[in-house]
Amino acid sequence: MSKTYSKTELKKKRWIKVLITFLLLILVLGIALLVFVGLKKQVNIEKISNVAKERSDEVVEKSTPIIINNLVVGAVYNKEWVASESYYFRNNTKSSTIDLDIYNLTGKKGKFKLTTMTKDAVTGALYAKTDNTNTYDEFIAIASTNNNIMNNAPTKQINITENDINVVKKSLGFLTLFNNSVKITEIYNIVLNMEHRGRIIFVTSEVGKSNGGYSAVIYEDMNKKTTVIKYSFAKDLKNAPEWPIYSFRFTADLNEDGMNEIIIQETKEFKMKYDVIEYKDNKFSEVLSTEIKI
């Protein structure tokens, strides 16, 4: 006598097969992820824009320098970014003396003169000298304008809480598989514009905890939504001279488009780099940078 199955039993068997297939898929993906994490020696997450290197001769020729601590990180004209290399090689008036507005973390210091500009033969970095006699404060300098590019000074958060650590872990998500320790180095409350305010969090791994080490920059907006602006992981820190530690420097509207840029520093074993981070179309990207040997 043949065995018969009810429709309910057949449906149950189909669902069991689907469930087993799904669990096997999850298991395979989990193993693949663990293998990927175990083999990966370096991970870098960041968005770098090349628009500053693609400017017309007219824009480059009319551009004026953006200087951070005597280093020319690039230039700007009519809200358009110009890479420092383009500015140096294609702007014929770069050596002219121009008026500069100089700002430090507390705001505008006054009007000064650009006196000389030279290119380091070894590093390729472009240096600018001004008649600013204060060499102790870090500063930003742009061509003199009627506008104040630093209206909303950032404020440093003094106390780090458990909630801040949880924010970092949630933001990093699967990246915690590489290293799940959290050491917040600094947090600043910043204003990008009146509609975009939030916190920028700088974090690294704790020494000796978990695998390798990482450094990250995270932005948390007013609605508690977070974005990983930069992340760098190295499995072997002793042999990773290009692995950076990120730190905050300024927020300022360098191209006067109504939106503040974030200026951060990357400190590596033998190099130091300034990055200008732009927030545009709900995304962060590095639009200008310069690097020197230390």
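Not measured: the values here are computed from a predicted model.

Visitor: It is not clear to me how helix α4 (residues 162–172) should be interpreted in this structure. Could you clarify?
Guide: An α-helix turns once every 3.6 residues. As a result, residues three or four positions apart point the same way. Considered for burial, the residues of α4 that qualify are Asp 164, Val 167, Val 168, Ser 171 and Leu 172. Buried residues of α4, viewed axially, fall in a sector of 125°; they line one side. Of the exposed residues in α4, the ones pointing more than 90 degrees away from its buried face are Glu 162 and Lys 170. Buried residues along α4 sit against β10 (183–193), β11 (196–204), β12 (213–221) and β13 (226–234).

Visitor: In this structure, what is going on with the layout of surface pockets? I would like to understand it.
Guide: There is about 370 Å³ of room inside the largest pocket. Mapped onto the lining of the largest pocket, the elements with two or more residues apiece are β3 (71–77), α3 (84–90) and β17 (283–293). Split into classes, the residues belonging to the lining of the largest pocket amount to 10 nonpolar, seven polar and five charged. Of the volumes computed, that of the second largest pocket is approximately 260 Å³. Val 51, Trp 81, Glu 278, Lys 280 and Val 287 are, among the 17 residues lining the second largest pocket, the residues nearest its centre. For the lining of the second largest pocket, the secondary structure elements donating two or more residues are β4 (80–83), β16 (271–280) and β17. The element best represented in the lining of the second largest pocket is β17, accounting for four residues. Of the residues belonging to the lining of the second largest pocket, the class tally is five nonpolar, three polar and nine charged.

Visitor: How do you make sense of the nonpolar core when you look at a structure like this?
Guide: A general feature of soluble globular proteins is that nonpolar side chains tend to end up buried together. Ile 66, Trp 81, Ile 140 and Leu 254 are the most contacted members of the largest nonpolar core, which has 24 residues in total. For this core, the elements supplying multiple residues, two or more each, are β2 (64–68), β3, β4, β8 (140–143), β14 (245–252), β16 and β17. Apart from residues no more than four positions distant in its own chain, Ile 66 is found in contact with Leu 71, Val 72, Val 73, Gly 74, Ala 75, Val 76, Trp 81, Ala 141, Ile 142, Leu 254 and Leu 288.

Procedures and definitions
Residues numbered from 1 in each chain as written. Predicted model: local features only at pLDDT ≥ 70, side-chain atom pairs only at ≥ 80, totals over all residues. Heavy atoms only, no water. Buried < 20%, exposed > 50% of the residue type's maximum accessible area, 1.4 Å probe, protein only. Helix = DSSP H or I, 4+ residues; strand = E, 2+ residues; numbered from the N terminus. Arc of directions from axis to C-beta. Contact = heavy atoms within 4.5 Å. 1 Å grid on protein atoms, 1.4 Å probe; cavity = no way out; pocket = protein on both sides within 12 Å on 5 of 7 lines; lining within 4 Å. Points joined across faces, edges and corners; volume = space filled by probe spheres on them. Nonpolar A, V, L, I, M, F, W, Y, C, P; charged D, E, K, R; others polar. Core = buried A, V, L, I, M, F, W, Y, C linked by side-chain atoms within 4.5 Å.

Everything listed is a geometric property; what it means functionally is a separate question.
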